[in-house]
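Geometric and topological summary
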Amino acid sequence: LLGFAMLVVAMLVTVVLPQITNLLLSLGQELPFYTRMVIGASDFARAWWWAILGVMVLAVIGFRAFRNTESGRVIVDRAILRLPLLGRVVRVVAIARFSRTLSSLLSSGVGIIQSLDISRHVARNSVIEDAISDARASVLEGASLAQPLRASGEFPPMVITMVEVGERAGDLEAMLAKVAQTYDEQVETTVTRLTSLLEPLLILVMVGIVLFIMMATLMPLMSVTSSLQ
């Protein structure tokens, strides 16, 4: 939907607008500022489309290169976790992956230290991975798993409580499996709601852009028609 909206706007700016702007400029009247702004944007897009495309490609390449560095990955992952809606979804998915993998490894008889070392990589978020690495170091020194997870501040209270209950009951893998199942359901519900909200929002944005371009080009024509009448 977003790609279609961008395609519609690009067609309006590069194909439709030039035909209308020639007519507007031939009228010889003072155009409103928003009409001049739309005409300027259309001329700039048609003249420098290759530069815009090149900047976009360079921006994507630069972002990927920065993301592949150790410090860049931490900065990007931390910024993603702080996003209003997407951040919560990413955090829940990372914790669900970690919990499910750790539960499976513990159920298979793998030691807690090795299980933490393996399961931290499935989180796919450097912030969560660092928190799990710190928890592994604390467990290696004799601490419980829940204590360093709580100290990291990256895990919700529900996860900490389930881990504590599992450690006290000696059934940590079952509690982690319940955490993964609960978070999987939350992710499905959140993504469904987010998608249902994004679709009409994108439609409204596309309609607003198209209406703005139409009004910017039609208003001068209407004023000229009124003056002629």
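Okay, so let's go over this structure. (Residues numbered from 1 in each chain as written. Predicted model: local features only at pLDDT ≥ 70, side-chain atom pairs only at ≥ 80, totals over all residues. Heavy atoms only, no water.)

Considering helix α2 (residues 33-47)
- With 15 residues, α2 extends 21 Å from end C-alpha to end C-alpha; this agrees with the ideal 21 Å at 1.5 Å per step.
- Those residues of α2 not exposed but buried are T35, V38, I39, S42 and A45. One side of α2 carries all its buried residues, which in axial view fall inside an arc of 130 degrees. (Helix = DSSP H or I, 4+ residues; strand = E, 2+ residues; numbered from the N terminus. Expected span 1.5 Å × (residues − 1). Buried < 20%, exposed > 50% of the residue type's maximum accessible area, 1.4 Å probe, protein only. Arc of directions from axis to C-beta.)

A few points about empty space enclosed by the protein
- Taken as a whole and judged by the stated rule, the model has one cavity of 30 Å³ or more.
- Considering only enclosed or pocket space, the largest cavity measures out at about 40 Å³ in volume.
- Lining the largest cavity are R88, V89, V92, Q186, V187 and T190.
- For the lining of the largest cavity, the secondary structure elements donating two or more residues are α5 (86-107) and α10 (172-228).
- Tallied by class, the residues present in the lining of the largest cavity amount to three nonpolar, two polar and one charged. (1 Å grid on protein atoms, 1.4 Å probe; cavity = no way out; pocket = protein on both sides within 12 Å on 5 of 7 lines; lining within 4 Å. Points joined across faces, edges and corners; volume = space filled by probe spheres on them. Nonpolar A, V, L, I, M, F, W, Y, C, P; charged D, E, K, R; others polar.)

Observations regarding the pattern of salt bridges
- Under the defined criterion, the tally for this structure stands at seven salt bridges.
- Notably, a salt bridge pairs D77 with R67, separated by 2.9 Å at the nearest N-O pair. With D77 in helix α4 (residues 70-81) and R67 in helix α3 (residues 49-68), this pair connects stretches of sequence that are ten residues apart.
- The partly exposed category is assigned to R67, whose relative accessible area is 24%.
- Among the ionic pairs, R91 bridges to E154, the shortest N-O distance being 2.8 Å. You can see R91 sitting in helix α5 and its partner E154 sitting in the loop between α8 (146-152) and α9 (157-169), a full 63 residues away along the chain.
- We classify E154 as buried; its relative accessible area is 14%.
- Three or more residues are tied together by salt bridges with common partners; here these are R67, R73, D77 and E129. (Salt bridge = Lys/Arg side-chain N within 4 Å of Asp/Glu carboxyl O.)

What about the packing of aromatic side chains?
- Under the counting rule described, the total for this entry stands at two aromatic pairs.
- Consider the rings of W48 and W50, whose centres lie 5.5 Å apart with planes at 40 degrees: the pair is tilted.
- Overall, W48 belongs to the partly exposed group, its relative accessible area being 40%. (Phe/Tyr/Trp six-rings, centres within 6.5 Å; stacked < 30°, edge-to-face > 60°.)

Let's talk about a nonpolar patch on the surface
- Residues L1, F4, I203, V207, L211, M214, M215, L218, M219 and M222 make up a contiguous nonpolar surface patch of roughly 900 Å² in combined accessible area.
- Per-element accounting of the nonpolar patch gives the leading share, eight residues, to α10.
- Residue position: I203 is located in helix α10.
- I203 gets classed as partly exposed once you look at its relative accessible area, which sits at 39%. (Patch = residues over 30% accessible without salt bridge, like charges linked within 9 Å, V, L, I, M, F, W, Y side chains within 5 Å. Areas by Shrake-Rupley, 256 points an atom, 1.4 Å probe, with all protein chains shown as cover.)

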